[in-house]
Amino acid sequence: MLTQDKKLLLIGQVTDLSGVPIRTIRYYESLGLLKSSGRTEGGFRQFSFDVLTRLAFIKRAQNLGLSLEEIKAILQVYDQGQPPCGDIKEKLEDKVLQIDHQIDQLLTLRSEIKGLLSGWQNTGSQQHEGTICPIIQNSAE
């Protein structure tokens, strides 16, 4: 049986409590997003309970579209004892602008595809030399 400090969690326990796979926890640790509190005599990573809060934050921030690099920068601010909410607000405002731009691009693409489909004529099995599909290729010219 492994001996461990009751205040520390083994990596498997962190996985069980957080739902984050061991491989991901190791990856986050290699990126500097998480820090283990040491290792057991057998070499197993140990983490304090606050790792669960960090993992929940990382997953939520990812779901909101923040990259691991952005999350690392936020956590560095937090680790220095400063509230990172101002940084987070700026990053989320940037995400909204990016999303708005993507929506505009998608609406333009949708309109273009609808235009192609509205003028679609069945060309049958006729092969036009030098073209794969004349409807797509002719509309691009």
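Everything here concerns the structure above.
For clarity, every value in this text was computed on a predicted model and none was experimentally measured.

Visitor: Residue-level account of the overall build of the protein, with values.
Guide: Secondary structure summary: the protein contains six helices and three strands in total. From first element to last, N terminus to C terminus, the protein shows the α and β order β-α-α-β-β-α-α-α-α. The buried share of the protein, reckoned over its 141 residues, is 23%. For the protein, the share of sequence-separated contacts (at least 6 apart) that also reach a separation of at least 24 residues comes to 47%.

Visitor: Can you lay out the nonpolar core for me, pointing to particular residues and giving the numbers?
Guide: The nonpolar side chains of a soluble globular protein tend to be buried, and buried together. Ile-25, Leu-55, Ile-58 and Ile-71 are the most contacted members of the largest nonpolar core, which has 19 residues in total. Of all the secondary structure elements, the ones that give two or more residues to this core are helix H1 (11-18), helix H2 (22-31), helix H3 (50-63) and helix H4 (68-79). In this structure Leu-55 touches Val-14, Ser-18, Val-20, Ile-25, Tyr-28 and Leu-34, once residues within four positions along its chain are discounted.

Visitor: Please provide a residue-by-residue account of the pattern of salt bridges, values included.
Guide: In total, this model carries five salt bridges according to the counting rule given. A salt bridge links Lys-95 to Glu-70, with the shortest nitrogen-to-oxygen separation between them at 3.7 Å. Of this pair, Lys-95 sits in helix H5 (residues 85-118) while Glu-70 is found in helix H4, placing the two residues 25 residues apart along the sequence. Two residues, Lys-89 and Glu-93, come together in a salt bridge whose shortest N-O distance is 2.9 Å. Remark: Glu-93 and Lys-89 occur in helix H5; sequence separation between them is four residues, near one turn of the helix. When its relative accessible area of 51% is taken as the criterion, Lys-89 is described as exposed. A single salt-bridge network, built from bridges that share partners, covers Lys-35, Arg-54 and Asp-79.

Visitor: I'd love a proper account of the packing of aromatic side chains, names of residues and values included.
Guide: Across all of its chains, the model carries one aromatic pair by this definition. Ring centres of Tyr-27 and Tyr-28 lie 6.4 Å apart, and the angle between their planes is 45°; on these two criteria the pair is classed as tilted.

Visitor: Residues and numbers for the side chain of Arg-54, please.
Guide: Mapped onto the fold, Arg-54 is located in helix H3. The contacts of Arg-54, once residues within four sequence positions are left out, are Leu-33, Leu-34, Leu-75, Tyr-78 and Asp-79.

Visitor: Explain the packing of H3 against H4 residue by residue, including any values.
Guide: Between H3 and H4, whose axes approach to 10 Å, the crossing angle comes to 140°. Regarding the angle of H3 to H4, the classification is oblique. For the element pair H3 and H4, the recorded crossing hand is right-handed. Between H3 and H4, the contacting residues are Arg-54, Phe-57, Ile-58, Ala-61 and Gln-62 on the first element and Leu-68, Ile-71, Ile-74, Leu-75, Tyr-78 and Asp-79 on the second. Each residue belonging to the contact of H3 with H4 can be placed in one class, and the counts come to eight nonpolar, one polar and two charged.

Conventions used here
For every chain, the first residue of the written sequence is number 1, and numbering continues from 1 onward in sequence order. For this predicted model, a pLDDT threshold of at least 70 governs which residues receive local features, and a threshold of 80 or more governs which side-chain atom pairs are given and counted, while totals over whole chains, interfaces and linings are taken from all residues. Think of the side-chain values as coming from all heavy atoms in the structure, minus any hydrogens and water. Strands are runs of DSSP state E lasting at least 2 residues, helices are runs of H or I lasting at least 4, and numbering of each runs from the N terminus. The cut-offs for exposure are 20% and 50% of the maximum accessible area for each residue type, with area from a 1.4 Å probe on protein chains only; residues under the lower value are buried, those over the upper are exposed, and the others partly exposed. Contact criterion: two residues are considered in contact whenever any of their non-hydrogen atoms come within 4.5 Å of each other. The definition of a nonpolar core used throughout is a set of buried Ala, Val, Leu, Ile, Met, Phe, Trp, Tyr and Cys residues joined through side-chain atoms within 4.5 Å. Salt bridge, as used here, is a side-chain nitrogen of Lys or Arg placed within 4 Å of a carboxyl oxygen of Asp or Glu. Planes of paired rings set the category: under 30 degrees apart is stacked, over 60 is edge-to-face and the rest tilted, where pairs are Phe, Tyr or Trp rings (Trp by its six-membered ring) whose centres lie within 6.5 Å. Axis geometry follows a simple rule: fit a line to the C-alpha atoms, using only the stretch in contact for helices, then measure angles between N-to-C directions, giving values from 0 to 180 degrees. Note that the term roughly parallel is reserved for angles under 35 degrees, roughly antiparallel for angles over 145, roughly perpendicular for angles of 65 to 115, and oblique for everything else. Rotating anticlockwise by less than a right angle from the far helix to the near helix defines a left-handed crossing, while the corresponding clockwise rotation defines a right-handed one. Asp, Glu, Lys and Arg are counted as charged, while Ala, Val, Leu, Ile, Met, Phe, Trp, Tyr, Cys and Pro are counted as nonpolar; the rest, among them Gly, fall into the polar class.

In short, geometric facts, not functional conclusions.
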